[in-house]
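Residues per chain, in single letters:
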Amino acid sequence: MAERKTERLMNLIFALLVSRQYLTKDQIRESIADYRDSTPQAFDRKFERDKEELRELGINVEMGQNDKYFNDEPGYRIRRDEAELPDLELTREEAAVIGLATQVWEHAGLASDSTTALVKLKAIGVDVDTSVLRMAEPRLSTDEPSFDAMWDAVTRRIPVAFVYARPGQEPMERHLQPWGIVSWHDRWYVGGFDLDRGESRIFRLSRVVGEVETEGDAGSYEIPEGTDMKTIARTLFPPAPQEAAVLRIRAGRGQGLRRLAETVTPVGDGIDEVQIRYSSRWELASEVASYGPDVVVVSPADVRQAVIQRLTAAVTGTLESS
Amino acid sequence: MSRSRQQVVRMLALVPYLQGNDGVPVNEVAAEFGVTPKVIRDDLRLLMYTGTGEYAGELIDFDLTALEQDGVVHIRDAEFMTRPLRISTREGVALIVALRTLRASASGLELTVIDSALAKLESAVGDTVSAPVDVLLDEVDPAIHGTIVEALTGGKRLEMTYATASRDEQSDRDVDPRRLFTEQGKLYLEAWCLKAEDLRFFRLDRIVSARVLAIDAEEHDATPRDLSDGFFTVGDETPYALVDLHPRAHWLTEYYQVDLIEQGDDGVWRAKLYGADWEWLRRLVLRNAGSITVLQPDTLRSQVIDDARVALLAYDEVVAPPKES
């Protein structure tokens with residue numbers, strides 16, 4: 001059954017592609033066995049579905065008349081110059097990076113999509129030799145069950161509804177016009193216009209529970225001009241460090257803090273005085289506490305206090321209620 | 001995408017590909033298309049029922065003797081389609097996102113090549129809006145990144161200072177670099193460490209300094225570790241602590257290997273928290289003290305208490321530990 005449909009679609013594409021003229025529905029029916037063998041009603045249904053299928057495949061079927069003065073019946077064709085892949089004139093290195101790019105996806109569907117694109121390039125004679133480059137080999141994987149549905153919604157601009165569960169909170173249904181997907185620290189996030197909150201929001205795909213429901217047609221909203229996923233994703237990043245802090249760090253210790261050092265001054269007894277910039281008192285106090293006796297905060301006072309609080313809780317083994 | 005739609009896409013690419021590669025073995029075609037040889041054979045069989053008409057010469061044909069006896073493909077009567085169709089939006093977006101991922105971990109001249117490849121690809125995909133998908137990696141020092149790429153490209157040995165996180169120390173070592181890769185959104189170098197005489201992974205943001213040596217890197221016989229499950233897999237020997245987590249620390253369950261045991265009505269979760277080593281676990285508990293407490297093992301619990309008490313001395317604070325129960 002599926003094979004019969006594949007055969008029919010291929011023949012439809014070939015017929016529309018080779019014809020210089022618009023083919024009328026009757027001509028199309030006459031030239032393809034499966035259409036011919038169908039009742040007129042079944043043919044109509046199949047033909048409509050097949051046209052939709054070609055559209056989904058990204059093949060543009062043009063409708064028109066061969067001779068507008070003779071009130072011809074409208075016909076169909078695929079314009080070869082529009083449908084065929086033009087030469088890209090890729091250099092050896094550009095071809096190699098495209099070859100490497102097809103190895104990035106660890107997602108069956110997207111790996112196959114990018115492989116098909118590469119094969120098309122090879123079919124127009126692009127020589128792909130990835131050994132000319134020695135680049136990093138990043139991988140993109142997706143184990144979030146909602147990824148496929150969200151990817152589809154984002155690339156086709158379809159509004160969605162889904163249940164979102166933050167840890168320790170009641171799951172809630174959310175409604176979103178997705179603008180983009182972004183991967184950060186190997187986790188996928190979707191950003192867009194949150195219809196419940198009336199502003200842009202970002203959601204972590206691993207926190208989406210169950211099915212993603214579509215709530216409208218493809219292209220049913222516009223992504224605001226100049227939307228950049230990097231900007232939206234910035235809410236995920238810590239703000240730029242502003243505040244100054246002075247720490248005393250045992251020589252050779254506190255590696256994570258030393259990376260942020262603006263100055264390092266040995267003050268004797270195997271101790272360095274280190275100046276850093278930070279953005280979050282909470283984060284800095286956490287990092288300092290993790291080094292135990294190897295790092296001491298000299299200033300500011302509020303970070304000192306936060307570290308003392310953290311360490312005191314570690315000694316007493318209590319969970320703070322604050 | 002449905003299987004029949006995938007097959008149509010593949011067959012449409014096969015027709016021009018096979019004409020440009022006359023006599024190609026079926027196995028090679030399968031490898032190029034990322035499918036099994038059986039899938040390709042099924043495609044070829046089906047292609048013989050397609051063409052521009054229904055008479056001989058109008059249907060696509062293959063040299064069946066060559067196909068069956070030598071496993072090679074000679075396509076005939078397919079001259080009506082010698083070029084593939086355009087790269088579809090779907091294919092284009094997948095490839096563009098992959099290129100952006102490469103870009104996020106590239107450096108120097110590589111960026112220029114990727115940018116020009118991206119520009120050409122985006123123009124070929126046509127009127128697609130720029131793909132609404134992006135990949136962000138943590139930034140690393142471009143000078144260090146550049147040095148490593150230089151060593152990799154030139155096949156040279158690297159001298160570097162590396163900061164180990166869990167043991168919190170720096171050390172100097174010479175390494176023969178093998179490849180750069182990403183894991184959990186971070187860039188890593190896989191290299192043969194001459195000090196450890198083994199393959200090691202080095203996180204780029206923990207490389208304090210690096211220099212290319214005038215010595216050729218050597219080939220070392222080593223099987224790279226299988227990273228398909230990530231760096232960290234829990235086994236029988238993996239250290240773990242029994243902990244209580246305040247709601248503020250519930251996020252830990254999303255980031256680390258955790259077995260949740262009990263979710264209390266007061267919002268406190270009891271869990272097994274796994275770590276690569278005890279040092280790492282100790283630092284994680286200290287970092288989140290007040291939001292996490294250790295119940296077991298006793299050694300970890302008393303280490304945390306001792307560390308914190310000694311640390312507090314520097315602040316002139318003396319805190320008594322709880323009575324042993």
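Since we're looking at a predicted model, the values are computed, not measured. (Residues numbered from 1 in each chain as written. Chains lettered and ligands numbered in written order. Predicted model: local features only at pLDDT ≥ 70, side-chain atom pairs only at ≥ 80, totals over all residues.)

**Q** I tried to follow the overall build of chain A on my own but got confused; where do I start?
**A** Each helix and strand in chain A was counted, giving 12 helices and 14 strands. Taken over the C-alpha trace, chain A has a radius of gyration of 30 Å; the compact-globule value for 322 residues is 20 Å, which it surpasses by more than 25%. When its C-alpha atoms are laid out on the principal axes, chain A stretches across 95 × 50 × 40 Å. Here chain A, with 322 residues, has 38% of them falling under the buried criterion. (Helix = DSSP H or I, 4+ residues; strand = E, 2+ residues; numbered from the N terminus. Rg over C-alpha atoms; globule rule 2.2 N^0.38 Å. Buried ≥ 20, exposed ≤ 12 C-beta atoms within 10 Å, placed from the backbone.)

**Q** Quick question: what am I supposed to make of the domain arrangement of chain A here?
**A** Interface extent is often summarised as the accessible area lost during association of the parts. Under the domain assignment used here, chain A contains domain 1 (2-83), domain 2 (92-141), domain 3 (147-236) and domain 4 (243-316). Using only C-alpha atoms to locate each centre, domain 1 of chain A and domain 4 of chain A end up separated by 72 Å. (Domains from an automatic or database assignment.)

**Q** Is there a simple way to explain helix α1 (residues 2-18) of chain A in this structure?
**A** Since there are 3.6 residues in each turn of an α-helix, residues three or four apart along the chain are aligned in direction. For α1 of chain A, which comprises 17 residues, the first-to-last C-alpha distance of 24 Å matches the rise-based estimate of 24 Å (1.5 Å per residue) to within 8%. Every buried residue belonging to α1 of chain A is among Thr6, Glu7, Arg8, Leu9, Met10, Asn11, Leu12, Ile13, Phe14, Ala15 and Leu16 of chain A, and all of these are buried. (Expected span 1.5 Å × (residues − 1).)

**Q** When you look at the sheet that holds strand β11 (residues 243-250) of chain A in this model, what are you seeing that I'm missing?
**A** What links the strands of a sheet is backbone hydrogen bonding, and the strands pair in either a parallel or an antiparallel sense. Residue and element names in this part refer to chain A. Strand order in the open sheet formed by 4 strands is β12-β13-β11-β14, with antiparallel pairing between adjacent strands. Taken across any chain shown, the strands that pair with only one partner, and hence form the sheet edges, are β12 (261-268) and β14 (295-299). Direction aside, neighbouring strands of the sheet carry axes that sit 30 degrees apart on average. Relative to strand β13 (residues 271-278), β11 is paired through 8 bridges, and the arrangement is antiparallel. By the bridge assignment for β13, leucine 247 is matched with valine 274. (Pairing = 2+ DSSP bridges. Axes fitted to C-alpha atoms, helices over the stretch in contact; angles between N-to-C directions.)

**Q** What is the right way to look at the interface of chain A and chain B in this model?
**A** Contacts between the two partners involve 98 residues from chain A and, on the opposite side, 103 residues from chain B. Tallied by class, the residues present in the side of chain A that touches chain B amount to 51 nonpolar, 27 polar and 20 charged. (Contact = placed C-beta atoms within 7 Å. Nonpolar A, V, L, I, M, F, W, Y, C, P; charged D, E, K, R; others polar.)

**Q** Which parts of the structure should I look at to understand the sheet that holds strand β3 (residues 75-77) of chain A?
**A** Ordered in space as β1-β3-β2 (chain A), the 3 strands form an open sheet in which the pairing is antiparallel. Each of the sheet's edge strands pairs with one partner strand only, and the pair in question is β1 (23-24) and β2 (62-64) of chain A.

**Q** Help me out: how do you make sense of the packing of helix α7 (residues 108-123) of chain A against helix α5 (residues 89-104) of chain B in this one?
**A** When two helices pack together, their arrangement is captured by the angle between the axes and the distance separating the axes. In contact at an axis separation of 8 Å, α7 of chain A and α5 of chain B are set at 100 degrees when each is read in the N-to-C sense. Relative to α5 of chain B, α7 of chain A is oriented roughly perpendicular. Facing Leu110, Asp113, Ser114, Thr116 and Ala117 of chain A of α7 of chain A, the residues of α5 of chain B in contact are Arg90, Glu91, Gly92, Ala94, Leu95 and Ala98 of chain B. Here the contact of α7 of chain A with α5 of chain B is composed, by residue class, of 5 nonpolar, 3 polar and 3 charged. (Parallel < 35°, antiparallel > 145°, perpendicular 65-115°, else oblique.)

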